Amino acid sequence: MVIMHKLTLDVASDGIQGNLVLVRGERGKRDIAVTLRCGKVPIVLVAGQTAAFLGVKPDGGELLNSCVVYTENGIYPNTILYHVTEGTVAAAGTFSVRLAV
């Protein structure tokens, strides 16, 4: 069973917009589904767009992982889906990531 964490991010806002608790060493069991908006207006994703999670992990390693982008006609309409990898949860601690679209 995969646990789905759902976040809505406002591109018009700065700072931390969500927190997730992941288990060190756990992989393949969690996905992060992100939808975007600008203020109250949903952002429509189109074919050809790409997305990635970027950050520095607690052990100093870099996180750069691609995501799946679903458009209006996708399985998860207008959603960016990140499958939590082994590298994402390899080190214990807190870190922030950015989503690049």
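Use the structure listed above.
Residues numbered from 1 in each chain as written. Predicted model: local features only at pLDDT ≥ 70, side-chain atom pairs only at ≥ 80, totals over all residues. Heavy atoms only, no water.

Asker: Sorry if this is basic, but what is going on with the overall build of the protein chain here?
Answerer: When helices and strands are tallied, the protein chain shows 0 helices and 8 strands. Ordered by position in the sequence, the α and β elements of the protein chain form the string β-β-β-β-β-β-β-β. Based on the C-alpha atoms only, the size of the protein chain along its principal axes is roughly 35 × 30 × 20 Å. Here the protein chain, with 101 residues, has 28% of them falling under the buried criterion. Carbon and sulfur atoms provide 53% of the accessible area of the protein chain, an area that totals close to 6,600 Å². Of the side chains in the protein chain, 9 bear a positive and 8 a negative charge, and the two mean positions are spaced by 5 Å. (Helix = DSSP H or I, 4+ residues; strand = E, 2+ residues; numbered from the N terminus. Buried < 20%, exposed > 50% of the residue type's maximum accessible area, 1.4 Å probe, protein only. Areas by Shrake-Rupley, 256 points an atom, 1.4 Å probe, with all protein chains shown as cover. Lys, Arg positive; Asp, Glu negative; His and termini not counted. Charge placed at Lys NZ, Arg CZ, Asp CG, Glu CD.)

Asker: Could you clarify how one ought to interpret the side chain of Thr79 in this entry?
Answerer: Looking at the secondary structure, you find Thr79 in strand β7 (residues 79-83). According to the relative accessible area criterion, Thr79 is buried, its value standing at 7%. A polar atom in the side chain of Thr79 sits 3.2 Å from the backbone oxygen of Tyr76. Apart from residues no more than four positions distant in its own chain, Thr79 is found in contact with Ala33, Val34, Thr35, Leu45, Val68, Val69 and Tyr70. (Polar contact = N/O pair within 3.5 Å; in protein donor to acceptor, adjacent residues only side chain to side chain. Contact = heavy atoms within 4.5 Å.)

Asker: I'm lost on the sheet that holds strand β5 (residues 62-66) in this one. Help?
Answerer: Within a sheet, neighbouring strands are paired by backbone hydrogen bonds and run either parallel or antiparallel to one another. With respect to topology, 3 strands assemble into an open sheet ordered β5-β4-β8, the strand pairing being antiparallel. Looking at strand neighbours, the two that pair on one side only are β5 and β8 (97-100), the edges of this open sheet. Between one strand axis and the next, the sheet turns by 15 degrees as a mean value, whatever way the strands run. Bridge analysis of strand β4 (residues 52-56) against β5 gives 5 bridges, and the strand direction is antiparallel. By the bridge assignment for β5, Phe53 is matched with Asn65. (Pairing = 2+ DSSP bridges. Axes fitted to C-alpha atoms, helices over the stretch in contact; angles between N-to-C directions.)

Asker: Before we go on, may I ask you to explain the pattern of salt bridges in this structure?
Answerer: Opposite charge on two side chains makes pairing possible when the charged atoms of those side chains draw close. Going through the model one piece at a time under the given rule, you end up with 1 salt bridge. Linking Arg37 and Asp10 is a salt bridge whose minimum nitrogen-to-oxygen distance equals 3.8 Å. Of this pair, Arg37 sits in strand β2 (residues 30-38) while Asp10 is found in strand β1 (residues 3-10), placing the two residues 27 residues apart along the sequence. With a relative accessible area of 31%, Arg37 lands in the partly exposed category. (Salt bridge = Lys/Arg side-chain N within 4 Å of Asp/Glu carboxyl O.)

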